[in-house]
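In case you want the letters, here they are:
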Amino acid sequence: MWRDHGFLRIGWSNFHWISPEMARANQPSPKRIAHYAAQGFKTIVNLRGESEAGHYLLEREACAAAGMKLVTFQVRSRDMLSKEQVIGAKALFDEIAYPALMHCKSGADRAGIMAALYVMLRQGKRAEEAVTQLSRKYGHFREGKTGILDFFFETYLAETKGEKPLLDWVREDYDPAATKQKFMSQWWANIWVDKILRRE
């Protein structure tokens with residue numbers, strides 16, 4: 001409740017439907033996991049990674065008790081996506097049982113980038129629509145280091161104008177290290193995201 005800021009999520013889930021089969025949210029409590037199970041969710045995708053911290057152990061226990069599949073797919077909020085992560089996201093979306101819910105800690109950044117990938121890779125929509133999943137509506141700030149997630153799509157659009165399929169661009173042209181070097185954040189936003197919001 002304290003170390004992971006769970007008290008902030010007691011009445012705030014940052015829950016949003018991306019499509020009729022996929023939703024996004026912040027870190028769910030055991031009580032909220034039971035609620036999701038009662039709603040018919042079959043899979044929870046944890047974007048924070050496996051951990052010995054209480055939030056993960058409680059989630060794993062609650063999913064088992066509710067008969068829900070817990071899948072871990074770690075993504076970082078301040079780092080450029082790797083080729084393997086993008087390709088792996090497509091496989092993830094093809095393999096999991098739906099309805100499903102993806103979450104990170106706050107439901108803003110990692111949930112946002114994965115929601116955007118879902119919109120493109122699962123729904124077949126354009127990047128211009130997908131990037132709306134990364135917005136302040138969900139608590140995402142593109143001006144800080146977390147803006148590196150937006151920059152992934154900005155680079156894709158700048159190089160392809162959206163005319164080349166995302167996975168083809170990732171496999172053939174995308175250079176994560178070079179793209180990361182070009183990204184620049186704003187100092188004031190870094191203070192807000194890193195020191196005040198304390199995003200992972």
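About the thresholds
- Residues numbered from 1 in each chain as written.
- Predicted model: local features only at pLDDT ≥ 70, side-chain atom pairs only at ≥ 80, totals over all residues.
- Heavy atoms only, no water.
- Pairing = 2+ DSSP bridges.
- Helix = DSSP H or I, 4+ residues; strand = E, 2+ residues; numbered from the N terminus.
- Axes fitted to C-alpha atoms, helices over the stretch in contact; angles between N-to-C directions.
- Contact = heavy atoms within 4.5 Å.
- Expected span 1.5 Å × (residues − 1).
- Buried < 20%, exposed > 50% of the residue type's maximum accessible area, 1.4 Å probe, protein only.
- Arc of directions from axis to C-beta.

A.B. asks: Is there a simple way to think about the sheet that holds strand 2 (residues 22–25) in this case?
C.D. replies: Sheet strands pair via backbone hydrogen bonds, and the direction of the pair is either parallel or antiparallel. With mixed pairing, the five strands of this open sheet are ordered in space as 1-2-5-3-4. Pairing within the sheet leaves two strands with one partner each, and these edge strands are strand 1 (16–19) and strand 4 (69–72). Neighbour-to-neighbour, the strand axes of this sheet turn through a mean angle of 25°, independent of strand direction. Bridge count for strand 2 against strand 5 (residues 100–103) is four bridges, and the pairing is parallel. Bridged to Arg 24 within strand 5 is Met 102. Those strands touched by helix 2 (residues 54–66) are strand 3 (43–46), strand 4 and strand 5, and its axis lies near 145° from that of strand 4.

A.B. asks: Just checking my understanding: could you explain helix 2 for this structure?
C.D. replies: Quick reminder: α-helices carry 3.6 residues per turn. Residues three or four places apart thus point the same way. In this model helix 2 runs 18 Å from its N-terminal to its C-terminal C-alpha over 13 residues, within 8% of the 18 Å that 1.5 Å per residue would give. Within the sequence span of helix 2, burial applies to His 55, Tyr 56, Glu 59, Ala 62 and Cys 63. Viewed end-on, helix 2 has its buried residues packed into an arc of 135°, placing them on one side of the element. Residues Glu 61, Ala 64 and Ala 65 are exposed on helix 2 and point more than 90 degrees away from its buried face. Against the buried residues of helix 2 lie helix 1 (30–38), strand 3, strand 4 and strand 5. Gly 67 lies just past helix 2 and shows a positive phi near 75°.

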